[in-house]
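# Remarks on the overall topology
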Amino acid sequence: MKKKNIARLAPLGLVAALALSACSANGGDEAVSTDSKATISYAVWDENQVPALKQNIADFNKEYPNIEVKLDVTPWSQFWTKLQTQASSDTLPDVFWMNGPNFQLYAANDQLEPLTGLIDDKKIDPANYPEALDTLYSYDGTQYGVPKDFDTLGLWYNKSILEQAGVEIPTDAWTWDEIHAASKKISDTLGDQGVYGMTTSLTGGQEGYYNSILQAGGEIISEDGKKSGYDSPEAIEGIQFWTDLIADGSMPTLQQLSDTTANVWFTSGKSGFFYSGTWIVSELSEAENTMDLNVAPLPKGERQATVIHGLANVISSKSKNKAASEAFVTYLASKEAQTTQAEMGAANPAFNGTQTAFVDSVPHFDIQVLLDAQDYAYPYPISKNTAAWTQLETDLLPAAFSGDKPVKDVANELATKMNEALAKE
Amino acid sequence: MTLPAGTTLGGIAAAQRPARQRAGSPTDGWWPWLFVLPTLLGVLVFYIWPLFQTGYLSFTETGPFGGETWVGTENYAKMLGDKNVGLALVNTVVYTVIVLLGIPVAILLASMVNRPGLRFATFYRVLFFMPYIAMPTAVALVWRMIYNGDFGILNWFLSIFGIDGPYWTSTPGFAIVAVGIVGMWSSLGFSMIILSAGLKNIPPDFYEAAQLDGASRWKQFTSITVPLLTPSIFFVTIISVINGFQLFDLLYAIMGSRNPAMQQSQSLVYIFYNQAFIHNNRGYAAAIAMLILLVIGIVTWFQFRMQKRWVNYV
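Note that this is a predicted model, so its numbers are computed, not measured. (Residues numbered from 1 in each chain as written. Chains lettered and ligands numbered in written order. Predicted model: local features only at pLDDT ≥ 70, side-chain atom pairs only at ≥ 80, totals over all residues. Heavy atoms only, no water.)

### Details of the pattern of salt bridges
All names here are of chain A. The test is simple: The rule for a salt bridge is simple: a side-chain nitrogen of Lys or Arg has to be within 4 Å of a carboxyl oxygen of Asp or Glu. Under the scheme applied here, a residue whose accessible area is under 20% of the maximum for its type counts as buried, over 50% as exposed, and between as partly exposed, the area being computed with a 1.4 Å probe on protein chains only. Helix and strand definitions follow DSSP, with helices as H or I runs of at least four residues and strands as E runs of at least two, each counted in order from the N terminus.
This structure, assessed with the given rule, holds seven salt bridges over all chains. Among the salt bridges present, the one from Lys148 reaches Asp149, with a minimum N-O distance of 2.7 Å. Assessed through its relative accessible area of 3%, Lys148 is described here as buried. We classify Asp149 as buried; its relative accessible area is 6%. The partner of Asp188 in a salt bridge is Lys184, and the shortest N-O contact between them spans 3.0 Å. Linking Asp188 with Lys184, this pair stays in helix 9 (residues 176-190), spanning four residues, or about one helical turn. The exposed category is assigned to Asp188, whose relative accessible area is 52%. For Lys184, a relative accessible area of 27% translates into the label partly exposed.

In structure tokens, the structure reads:
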């Protein structure tokens, strides 16, 4: 409506004046036009994605030449500390990257602008992105973030090690039994060369136990984010899966994995299998033994499952240039912008159908497997203060994986403490 | 390892020689204040004011984005019952003691490097000082490789003698010692510089006289060098203790936040960081910060009390 009015009055040469008064009348909402003038800031953490993001900004400026977007890159280690400080002093960037674990903290504390208007105006259609990601970035039924990219997990393997150990190439029919037997065989056969069957990072859930808990039919946190799922028999089974692998030497111990991280074991040809996600593609494609590597779907438990996570672009609720920010986020959400991201190899884009370019970027990996995984993917588990209970996982679970304490006891203790933390949210 | 605010060499030196301090002349007026104003403002705004603010926050519960509610001494009560805090205090003390063990080494090295007529003296000085100017994170990365349980050079070396080395940085008990050794190693250079300056202040006539009396080199070292070096040793000890109690970056960089041994190896500042920036419990974190301040304050006060017993001023 407003846009139309302005367009009709344009010939009178009053555009500027009216646009200004429109702004002051309703706080700058939705009065953006192709010659709106504004400067907005866009805060991100990944230096590798800067070229693609600059291209996005340049393309955005073709339509809105007078909206200047200032790209602000802060390394991951300081990003959240800085953002929190900015939020405390009401100086958040206009548009910034958000991840799952931090999302509800910001949404629940009214730091983010709802996207309801953009969705109602059909400028952004949530149906264009994986449903699990729309869910991830919704709080109390309101969507606050537009998915930018996504990652799922797969079973990476080293063909040459598998061949030496006489193990078959994994297929989508593999279950926990097959992967355990194959890992054991590799460790037994090639153990004298320091080669293990399996490695993964067990320091966080995303690469390891979140997947196996989901595969066993359990959950990490209840759907409403109020109750821990760790005390269920399924969750215990999901943790036990890793304890068993470590116990019989199919996998290095936690100490070994702490000294030498899982990705290093795998890329240096010391491990046959490796659970990892979409984000590892660029690292593995640059590994010396890249031609030996490939990816298959994660082995099934009771059901097929993987965690899905992705970043979203969000707008600050305190932004002074909401209209311009919304226009920019709308562009970043578009098929065109996300295709650019894929073509420039920055990330696996979230917009359905734009991932082909990413798949084509490394033809010797079956990346399609990771895209197909979204059909059986579960959203990354979060709550309002995710960090509080992920710390509990880090503190308590090592005793279960190492076999120092029975898995059941650890899981129950974790559930109790996690429920205490959740009750405080 | 940086010098904490307010502890400058000059500050300590002045404290050491109260007798020589000149009382301010009454004609000075207000304008000398003008010259110290910039520093004074900086210290007030960036150190003194936050100190009071932290003190206030320690009696509150804060939201993730600000906004505090007064909870009285609740945070302190919680801290007294938190067994992690006790454990962290022990770890911090262990680390500090290991770093302090570096001081005798630094004294020996400093006196060797400063021996008259030593060739390549500057080269050695640069060599020993290098670890101090290297970034802690870079130092930590290199040591991580040395300590690596499967592929590290340390365990390879031990295996020559048939010793099966542990996973240094991920075994509770070993980890804090491993970090302490790195801390000691990287502070050697700093201690040596201070001690070298102290050595230059010892008049050479003392050594000449001792030589005439037939004192051995070792006797000269224990009876002249060490006693006359005590003011510098005192200073280095104070700084090392303060830095030791502020252990964070080395621990964090060598072990990493997701280390299975971290819970048993954390330091006080590590708990502070975790509570303030990971758990968003800034009120509780502030209480821990006050505890750190108190502990450092008491230890430093005690050291100043004790200095009369062993520090010789010429």
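### Things to note about the confidence of the model for chain B
Detailed reading of the predicted model is not advised wherever pLDDT is low. All names here are of chain B. We apply this condition: pLDDT is a per-residue confidence score from the predictor, ranging from 0 to 100. Residue contacts follow a heavy-atom distance rule, with two residues in contact if any of their heavy atoms lie within 4.5 Å.
Across chain B, the average pLDDT comes to 87, with 91% of residues at 70 or higher. Of the regions scoring below 50 in pLDDT, residues 1-21 engages in 19 contacts with residues more than four places distant in sequence or in other chains. The ipTM assigned to the predicted complex is 0.78, against a pTM of 0.82.

### Description of the confidence of the model for chain A
When pLDDT is averaged across chain A, the result is 89; 93% of the residues are at 70 or more. Taken together, the stretch residues 1-30 of chain A has pLDDT below 50 and engages in 14 contacts with residues farther than four places along the chain or on a different chain.

### Section: the interface of chain B and chain A
Worth spelling out the cut-off: What gets called buried area is simply the loss in accessible area from a 1.4 Å probe that two parts show on being joined, summed for both. Polar contacts, as counted here, are pairs of nitrogen or oxygen atoms within 3.5 Å of one another; within protein the pair requires one atom able to donate a hydrogen and one able to accept it, and residues that are adjacent in sequence qualify only if both atoms are side-chain atoms.
Across the boundary between the two partners, chain B contributes 24 residues, which contact 24 residues of chain A. Summed over both partners, the interface of chain B with chain A buries about 2,200 Å², with 49% contributed by carbon and sulfur atoms. Its largest share of buried area at the contact with chain A, chain B owes to Phe65, Arg258 and His279 of chain B, together 32% of the area lost on that side. Across the chain B-chain A interface, the total number found is zero salt bridges. One can count 13 residue pairs in polar contact (both at pLDDT 80 or more) joining chain B with chain A.

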